[in-house]
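# Commentary on secondary and tertiary structure
Next come the chains, spelled out residue by residue.
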Amino acid sequence: MSIPSATTAVGAIALNTFREAIRDRILYLLLVFALGLIGVSRLLSMLTVGNEEKIIKDIGLSAISLFGVLAAVFVGVSLVFKEIERRTVYTLLATPVRRWHFVTGKFVGLLLVLGMIVGLMSAALCGLLLLRGEAPWALFPAIALILVELVVVTAFALLFSSLTNPILAALMTFAIYVMGHLTWSLQLLKGQLEGGLAVGLVDFLYYAMPNLERLNLKAEVVHGLPLEPGSVTLGVVYGLSYAVLVLGLACLVFERKEFN
Amino acid sequence: MLPRVLFLALMLAVGTLAGFSRVALDRLAQGSSGDPELLYLPNGKHLKILSLGHANVLADGIYLWAIQYYSNYERKQRQRYVEHIFGNVITELDPRYVDAYWLGALIMIVENHDLEAGLRLLEKGIARNPDQWMLPYLAAWECYHGKQYARAAGFFEQAAGIPGAPVVVRRMRAGMMTKVGSLREALALWQEIAADPASDSLSIVIAKRNVKELQARLDVEILQAAVERFRKENGRFPARLGELEQGRYIPALPLASNGRPYRYDAETGTVSSKAGRILGKQ
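## Some remarks on the overall build of chain A
Helix and strand counts for chain A stand at 11 helices and zero strands. Listed by position from the N terminus, the elements making up chain A come as α-α-α-α-α-α-α-α-α-α-α. Scaling as 2.2 N^0.38, a compact globule of 260 residues should have a C-alpha radius of gyration of about 18 Å, and chain A matches this with 20 Å. If you line up chain A on its principal axes, its C-alpha atoms span 65 × 55 × 30 Å. Taken over 260 residues, chain A has a buried fraction of 42%. Across chain A, contacts joining residues at least 24 apart in sequence account for 82% of those joining residues at least 6 apart.

## Looking at the overall build of chain B
Within chain B, the regular secondary structure consists of 14 helices and two strands. Computed over C-alpha atoms, the radius of gyration of chain B comes to 31 Å, more than 25% over the 19 Å expected from 2.2 N^0.38 for 282 residues, which places it beyond the range of a compact globule. Taken over the C-alpha atoms alone, chain B extends approximately 120 × 40 × 35 Å along its principal axes. Here chain B holds 282 residues, and the buried ones make up 36% of them. In chain B, once contacts between residues fewer than 6 apart in sequence are set aside, the share between residues at least 24 apart is 53%.

## Details of the interface of chain B and chain A
Across the boundary between the two partners, chain B contributes 14 residues, which contact 20 residues of chain A. Of all elements in the fold, only helix H4 (55–70) and helix H6 (98–111) of chain B reach the threshold of two or more residues within the side of chain B that touches chain A. With six residues, the single largest contributor to the side of chain B that touches chain A is H4 of chain B. Among the residues forming the side of chain B that touches chain A, the class breakdown is seven nonpolar, three polar and four charged.

## Side note on the nonpolar core
Within the largest apolar cluster, 129 residues are counted, with the highest numbers of intra-cluster contacts made by Met 121 and Ala 155 of chain A together with Ile 90 and Phe 156 of chain B. Grouped together as the second largest cluster of nonpolar side chains are 11 residues, Ala 216, Val 227, Leu 244 and Tyr 264 of chain B included.

## Quick notes on the packing of helix H7 (residues 115–128) of chain B against helix H8 (residues 134–145) of chain B
Residues and elements named next belong to chain B. At a minimum axis distance of 9 Å, the contact between H7 and H8 shows a crossing angle of 165°. Between H7 and H8, the angle falls in the class roughly antiparallel. Between H7 and H8 lies a crossing of left-handed hand. Two secondary-structure elements touch here, H7 through Leu 115, Gly 118, Leu 119, Leu 122, Gly 125 and Ile 126 and H8 through Leu 135, Pro 136, Leu 138, Ala 139 and Glu 142. Class assignment of the residues belonging to the contact of H7 with H8 gives a composition of eight nonpolar, two polar and one charged.

## Some words on unusual backbone geometry
Residues and elements named next belong to chain B. Located in the positive-phi region is Leu 52, a residue other than glycine, with phi close to 50°. Mapping Leu 52 onto the fold places it in the loop between helix H3 (44–50) and H4. The backbone phi angle of Lys 147 is positive, close to 60°, even though this residue is not glycine. As for its placement among the helices and strands, Lys 147 is situated in the loop between H8 and helix H9 (149–160). The exposure class of Lys 147 is exposed, given the 8 C-beta atoms found within 10 Å.

## A closer look at the domain arrangement of chain B
Along its sequence, chain B is carved into domain 1 (38–133) and domain 2 (214–279). With centres defined by C-alpha atoms, the gap from domain 1 of chain B to domain 2 of chain B works out at 55 Å.

## Some thoughts on the environment of Tyr 69 of chain B
Position of Tyr 69 of chain B among the secondary structure elements: in helix H4. Once the C-alpha coordinates of Tyr 69 of chain B and Arg 263 of chain B are considered, the two residues, 194 residues apart in sequence, prove to be 61 Å apart.

## Remarks on the packing of helix H3 (residues 52–85) of chain A against helix H7 (residues 166–180) of chain A
Residue and element names in this part refer to chain A. Remark: H3 packs on H7, axes separated minimally by 9 Å, with the N-to-C direction vectors making an angle of 145°. Once H3 is placed against H7, the crossing between them reads as right-handed. Only Pro 166, Ala 169, Ala 170, Thr 173, Phe 174 and Tyr 177 of H7 make contact with H3, whose side of the interface consists of Val 69, Val 73, Phe 74, Val 77, Ser 78 and Phe 81.

## Brief notes about the environment of Tyr 242 of chain A
For Tyr 242 of chain A, the location among the structural elements is in helix H11 (residues 231–256). Sequence spacing of Tyr 242 of chain A and Ala 208 of chain A is 34 residues, and the spatial spacing of their C-alpha atoms is 9.6 Å.

## So, the confidence of the model for chain A
On average, residues of chain A score 87 in pLDDT, and 98% of them reach the 70 mark or higher. Here helix H4 (residues 88–94) of chain A is the element of chain A with the lowest mean pLDDT, 77, and helix H6 (residues 140–163) of chain A is the one with the highest, 94.

## What to know about the environment of Val 178 of chain A
All names here are of chain A. Tracing the sequence through the fold places Val 178 in helix H7. When the 12 C-beta atoms within 10 Å are taken as the criterion, Val 178 is described as exposed. Between the C-alpha atom of Val 178 and that of Leu 212, which follows or precedes it by 34 residues, the distance is 9.0 Å.

## Describing H3 of chain A
For an α-helix, the turn length of 3.6 residues means that residues three or four places apart are oriented alike. Residue and element names in this part refer to chain A. In a regular helix each residue adds 1.5 Å, so 34 residues correspond to 50 Å; H3 covers 49 Å between its end C-alpha atoms and thus fits that length. The sharpest bend along H3 comes to roughly 35°, located at Leu 79. Among the 34 residues that make up H3, 26 are buried, leaving the element largely enclosed by the rest of the structure. Residue Arg 87 follows H3 closely and has a positive phi angle near 65°.

Cut-offs applied
- Residues numbered from 1 in each chain as written.
- Chains lettered and ligands numbered in written order.
- Predicted model: local features only at pLDDT ≥ 70, side-chain atom pairs only at ≥ 80, totals over all residues.
- Helix = DSSP H or I, 4+ residues; strand = E, 2+ residues; numbered from the N terminus.
- Rg over C-alpha atoms; globule rule 2.2 N^0.38 Å.
- Buried ≥ 20, exposed ≤ 12 C-beta atoms within 10 Å, placed from the backbone.
- Contact = placed C-beta atoms within 7 Å.
- Nonpolar A, V, L, I, M, F, W, Y, C, P; charged D, E, K, R; others polar.
- Core = buried A, V, L, I, M, F, W, Y, C linked by C-beta atoms within 7 Å.
- Axes fitted to C-alpha atoms, helices over the stretch in contact; angles between N-to-C directions.
- Parallel < 35°, antiparallel > 145°, perpendicular 65-115°, else oblique.
- Left-handed = near helix turned anticlockwise from the far one by under 90°.
- Domains from an automatic or database assignment.
- pLDDT = per-residue confidence, 0-100.
- Expected span 1.5 Å × (residues − 1).
- Bend = angle between axes of the 7 residues up to and from the residue.

Structure (structure tokens):
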């Protein structure tokens, strides 16, 4: 049997993962909820006094982000586990497919799914705003960084999925999401410390944990504030490089995993 | 058949029970004193931490709830905590939420008759949104309604200085300067509006009329003061305004906008202008 190239193997697994994931009912449930919420934002905006579009944009962007994270976690943590539980992974790994091909393929497949649902939710939000005569283009930098945030969360979901069972993996991924939005508090903690090893440890944690707040431009785009030059590009570079690092760890963990 | 009937009867019974208990709970809640839901709403700075990057949508939710809450006239003591909800919660969650500043201020000023609390909220909004002319503009109007004209003039000046402020803000500022008696500053502002190519045609018409009227008022004031000095030194009123110029009480005799001298009553020593009469003693 000839050894497939990395691109062929990863591509085939990604495509298969994509097909498998879009059959998942939980994905449709999340998508329906998210699209429903974006639709309901129009009704909620009617209750406000003042700028109705602000409410629609806020709810729309938060729905894209939250439901994207839910999809990344719930679908992501079960992908590897399902293969192990159904024992299909044995068949797959018996072929000349490397283990990192498998993990990377799963990762890329899930990203395709997330890209699709973020695309659908963004189209719904943009459509709603266009119907109201409001240009939605200013929201795109925030949506792009939401997608990057999902890439990071997906990488963690896959890492934990390779380590433990889906429930624990989901909890750990959520914990990373929460910590990723609270890393700034480590700087506050550092201010309270007198120095020495503790400060070094806090600094290490600050840079080791993902800073997901750096990928959050929702408030800026909704209020039409000028974005810091390079903030989107740097955010994309930071998020993607961090995700690749976590994916590398996931591959390493999966390489060493023993299947009994 | 029987199990199905029993099942339906059971469902009907529990449904009715749920309905009655819900009505009873609502009645209990209506009878309770105070508005405990407000007591436990923490500061927005703390809520922001819990929002995990979704502070804006949380601010929207509380803002929508606050609108419904404060517009319920049946609620007892509904005005309690209004400054906390708008000043410490919503605007801390989303410091750029301009609507929350002005609506909160409006509730405090109009409903609570607390101008200072409303202005505190607006000033907080102005400090955090220095590019929004609407906030100082609204603060100015609230001061105007509260008969604090000097403060109103200050806020109009602040609003007019913000890029993007429409000409109407500059018009209001000029009008307020007239109101507080700073006629020369008001005249300069109206002249600026009249000469600005960015001004709309209506603003130019209004500005030109105000320039004419203010110029007349200032001329009348100068002439009246000169007449008074003339009377003190000569023991009589001048027979005509030309005497003021001849006696060097004024460097030159100003003329009305129609090119003629201002009206003068030699018996009472009163100088008047048609334009000044229109403008009145504002």
